[in-house]
Amino acid sequence: MKFFVDTADTAEIRDLAESGLVDGVTTNPSLIHKSGRKFLEVVEEICGITPGPVSAEVVALDHETMMKEAEVLRKIADNVAIKVPLTIDGLKTCKALTSDGTMVNVTLCFSANQALLAAKAGATFISPFVGRHDDIGFDGMRLIEDIRLIYDNYMFDTEILVASVRHPVHILEAAKLGADVMTAPPQVIRQLIKHPLTDKGIEGFLADWGKTGQTIG
Ligand code: G3P
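Residues numbered from 1 in each chain as written. Predicted model: local features only at pLDDT ≥ 70, side-chain atom pairs only at ≥ 80, totals over all residues. Heavy atoms only, no water.

Asks: For the state of the cysteines, give the residues involved together with the corresponding values.
Replies: Under the counting rule described, the total for this entry stands at 0 disulfides. Distance from the sulfur of Cys94, which forms no disulfide, to the nearest cysteine sulfur (Cys109) is 12 Å. Classification of Cys94 by relative accessible area gives buried; the value is 0%. Residue classification places Cys109 among the buried positions, given a relative accessible area of 0%. (Disulfide = S-S within 2.5 Å. Buried < 20%, exposed > 50% of the residue type's maximum accessible area, 1.4 Å probe, protein only.)

Okay, here's the thing in structure tokens:
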């Protein structure tokens, strides 16, 4: 499963990239606002940190203007993936962009039927938001299960990019269900590393090593 980092914080991306945990990056207008930086500049910097897909979202609501915004965004770098919302205009834009080889991430997906439409529109990635489902008392991972079944039934090439990830269990469940990609905030990715028994094991090994009176090198 590919790991994308859901942030526009370039310091965080650089830090995680050093450990090989960054296969791509997703941003959205809220994350750009949070970064406090100019949209095109921060996306360009991110594209230089990772060779993987970097999602940059259009903000227009109509197809014609989405295409104009996409033209600006895809000139930033070859690894820019254009993010469009799951609306009829977003699907039209998806179809047009993927038809000429541009990666498209269809976002704000909340139903398997929406995901089916995105695949038919040629989406590179579909972003079902599991956390926002959980936030209103539904089980977001059942959405992933349904999409995986439908995509496998018809051998769609669209990659399932599990988004709105809130905690490590979302990532575990996504991997068990066979999602292609997950995108998570840096702190959630870091939570995957930690286990109290690992910390306890290191402590015990070092205590016993200290008793040997030896050093390495
Ligand atoms: O960036 C897309 C998605 O991961 C955002 O999730 O619900 O944390 O805003 P959320």
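Asks: How would you sum up the pairing of strand β4 (residues 80-85)? Please name residues and give values.
Replies: In terms of residue burial, β4 counts as a mostly covered element, since 6 of its 6 residues are buried. Residues Val80, Ile82 and Val84 line one face of β4 and the alternating positions Ala81, Lys83 and Pro85 line the opposite face, and both faces are buried. Sheet topology note: the strand β3 (residues 54-57)/β4 ladder contains 4 bridges and is parallel. Within the sheet, the bridge partner assigned to Ser55 lies in β4 and is Ala81. The parallel pair β3 and β4, bridged by helix α4 (residues 63-74), forms a crossover whose chirality is right-handed. Where β4 lies against strand β5 (residues 104-109), 4 bridges are found, and the strand directions are parallel. Bridging across to β5, Lys83 finds its partner in Asn105. Following the backbone out of β4, through helix α5 (residues 88-99) and into the adjacent parallel β5, one traces a crossover that is right-handed. (Helix = DSSP H or I, 4+ residues; strand = E, 2+ residues; numbered from the N terminus. Pairing = 2+ DSSP bridges. Right-handed = clockwise from strand over helix to strand, strands pointing away.)

Asks: An account of the pattern of salt bridges is needed here, citing residue identities and associated values.
Replies: Under the criterion given, the structure shown has 16 salt bridges. The shortest N-O distance in the salt bridge between Lys2 and Glu159 comes to 2.7 Å. Within this pair, whereas Lys2 is found in strand β1 (residues 2-6), its partner Glu159 is found in strand β7 (residues 159-162), the two being separated by 157 residues in sequence. On the basis of relative accessibility, which here comes to 32%, the residue Lys2 falls in the partly exposed class. A salt bridge links Lys176 to Glu173, with the shortest nitrogen-to-oxygen separation between them at 3.5 Å. Here Lys176 pairs with Glu173, and both are found in helix α9 (residues 168-177), just 3 residues apart, close to one helical turn. One network of salt bridges, in which partners are shared, links Glu12, Asp15 and Arg190. (Salt bridge = Lys/Arg side-chain N within 4 Å of Asp/Glu carboxyl O.)

Asks: Please provide a residue-by-residue account of the environment of Lys68, values included.
Replies: You can see Lys68 is positioned in helix α4. For Lys68, a relative accessible area of 53% translates into the label exposed. Linking Lys68 and Val58, residues 10 residues apart in sequence, is a C-alpha distance of 9.3 Å.

Asks: So what's going on with the sheet that holds β5? Residues and values would help.
Replies: Spatially, the 8 strands close up into a barrel ordered β1-β2-β3-β4-β5-β6-β7-β8, and their pairing is parallel. For this sheet, the mean inter-axis angle between neighbouring strands, taken without regard to orientation, is 30°. In terms of strand pairing, β1 meets strand β8 (residues 181-184) through 4 bridges, oriented parallel. Residue pairing for β8: Phe4 is matched across the bridge by Thr183. Against the sheet, helix α8 (residues 140-153) engages β5, β6 (125-128) and β7, with an angle of about 175° to β7. (Axes fitted to C-alpha atoms, helices over the stretch in contact; angles between N-to-C directions. Contact = heavy atoms within 4.5 Å.)

Asks: Describe the side chain of Ser127, listing the residues and the values that go with them.
Replies: When you line up the elements, Ser127 lands in strand β6. On the accessibility criterion, Ser127 (1% relative accessible area) is buried. Those residues within four positions of Ser127 in sequence are excluded, and the remaining contacts are Asn105, Val106, Thr107, Leu108, Cys109, Leu161 and Ala163.

Asks: Run through the site of the ligand, naming residues and quoting values.
Replies: Every residue lining the ligand is accounted for by Asp6, Asn28, Lys83, Phe129, Arg132, Ala163, Ser164 and Arg166. One of the side-chain nitrogen or oxygen atoms of Asp6 is found 2.7 Å away from an oxygen atom of the ligand. Taking Ser164, its side chain carries an N or O atom lying 2.7 Å from an oxygen atom of the ligand. Taken together, the residues that form the shell around the ligand break down as 2 nonpolar, 2 polar and 4 charged. (Near = heavy atom within 4 Å. Polar contact = N/O pair within 3.5 Å; in protein donor to acceptor, adjacent residues only side chain to side chain. Nonpolar A, V, L, I, M, F, W, Y, C, P; charged D, E, K, R; others polar.)

Function cannot be read off these values alone, since they describe shape.
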